Amino acid sequence: MPRTALTREEVLEAAASLVKQHGPQALTMRKLAAELGTAVTSIYWHVGNRESLLDALVERTVQEMGAIRPVGAAPAQRVVSVARRLRRELRERPHLIAMVHERGLTDRMFLPAQQALVHEMHAAGLRGARAAEAVRAVQFQVVGFVLLERNRERSPVQSPGEGELWDARTAEHDPALARALARPADPEKLFTASVRALVSALLPPAEAVPSGTDEGPGGR
């Protein structure tokens, strides 16, 4: 029997789940109604037609991406935390992010994360063009890394692979390096190391920050 109690948020949550798993082409009103155990007319009543539903999902995704908040005791730590969270959010919803991009809302989607980064750049003592450059460098690092990850995941099996290519000769007689490069990369560890190195190069040393500039973990 079709369920009677249904909320708009439940519809959007189920629709987002279908898109996350199978892409927007898999989202039909009939399939969504079956997923929720309700009638198709109920779906239309809550969210309108399919195009309206897609618009609502895009808006919901933009709002979710705006919920990123920095954590940490110092600006550098908080910048890294924003980058790691942003990567995770982008990785978790590629189909939804693609829909946002197709509707020309990518810049709006990234604005809250950029604003969080701006705050931390100011806390670290950066202003003006230097702060803008640092914000964009972190954003580009995140997006570029995610694109590279997805490209590697979609690429065909490599033959020979890294495990077969690295030995003492190709590693300039550094066997420890050869063993390390022959092992699969740890994306999370590699991403964190690269962002920390980038942030370290972009931000001035803590002792160079003018007194009162760093507002602490909760300052805004």
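Analysis parameters
- By convention here, each chain's residues receive numbers from 1 onward along its written sequence.
- With pLDDT at 70 or above as the cut-off, local features in this predicted model cover only qualifying residues; side-chain atom pairs require 80 or more to be listed or tallied, and sums for whole chains, interfaces and linings still use all residues.
- Note that water and hydrogens are dropped before the side-chain values are worked out from all heavy atoms of the structure.
- The axes used here are C-alpha line fits, helices contributing only the stretch in contact, and every angle between their N-to-C directions lies in the interval 0 to 180 degrees.
- Only DSSP runs of H or I covering at least 4 residues are called helices, and only runs of E covering at least 2 are called strands; the numbering of each starts at the N terminus.
- If an angle is under 35 degrees, it is roughly parallel; if it is over 145, roughly antiparallel; if it lies from 65 to 115, roughly perpendicular; otherwise it is oblique.
- Crossings are classed by handedness, with left-handed meaning an anticlockwise turn of the near helix from the far one by less than a right angle and right-handed meaning a clockwise turn.
- We call two residues contacting when some pair of their heavy atoms lies within 4.5 Å.
- In this classification, the charged set is Asp, Glu, Lys and Arg, the nonpolar set is Ala, Val, Leu, Ile, Met, Phe, Trp, Tyr, Cys and Pro, and all remaining amino acids, among them Gly, are polar.
- Pairing of aromatic rings covers Phe, Tyr and Trp, the last through its six-membered ring, and needs centres within 6.5 Å; plane angles under 30 degrees mean stacked, over 60 mean edge-to-face, and all others mean tilted.
- Relative accessibility thresholds used throughout: buried, under 20% of the residue-type maximum; exposed, over 50%; partly exposed, between the two (1.4 Å probe, protein chains only).
- Note on criteria: charge over ring means Lys NZ or Arg CZ within 6 Å of the ring centre, with the direction from the centre no more than 35 degrees off the ring normal.

## Observations concerning the packing of helix α5 (residues 75–92) against helix α7 (residues 106–123)
Two quantities define a packed helix pair, namely the angle between the axes and the distance from one axis to the other. Across the interface, α5 lies against α7 with an axial gap of 8 Å and an inter-helix angle of 165°. The angle between the axes of α5 and α7 places the two elements in the roughly antiparallel class. Like other packed secondary-structure pairs, α5 and α7 cross with a definite hand, here left-handed. Contacts between α5 and α7 pair P75, R78, V79, V82, L86 and L90 from the former with M109, F110, A113, A116, L117, E120, M121 and A123 from the latter. A class-by-class count of the residues in the contact of α5 with α7 yields twelve nonpolar, no polar and two charged.

## What about the packing of aromatic side chains?
Across all of its chains, the model carries one aromatic pair by this definition. With a centroid separation of 5.0 Å and an interplanar angle of 65°, the aromatic rings of F145 and F191 are classed as edge-to-face. Taken together, the residues span a long stretch of sequence, with F145 in helix α8 (residues 128–154) and F191 in helix α11 (residues 187–202) at a distance of 46 residues. You can call F191 buried: its relative accessible area is 0%. Geometry around F191 places R87 over its ring, the cationic atom sitting 5.3 Å from the centre.

## Let's talk about unusual backbone geometry
When glycine is set aside, most residues are seen to have a negative phi, and most peptide bonds are trans. Cis geometry marks the peptide bond from S159 to P160; its omega dihedral reads 5°. Within the fold, P160 resides in the loop between α8 and α9 (162–165). Backbone geometry places E172, a non-glycine residue, at a positive phi of 55°. Classification of E172 by relative accessible area gives exposed; the value is 71%.

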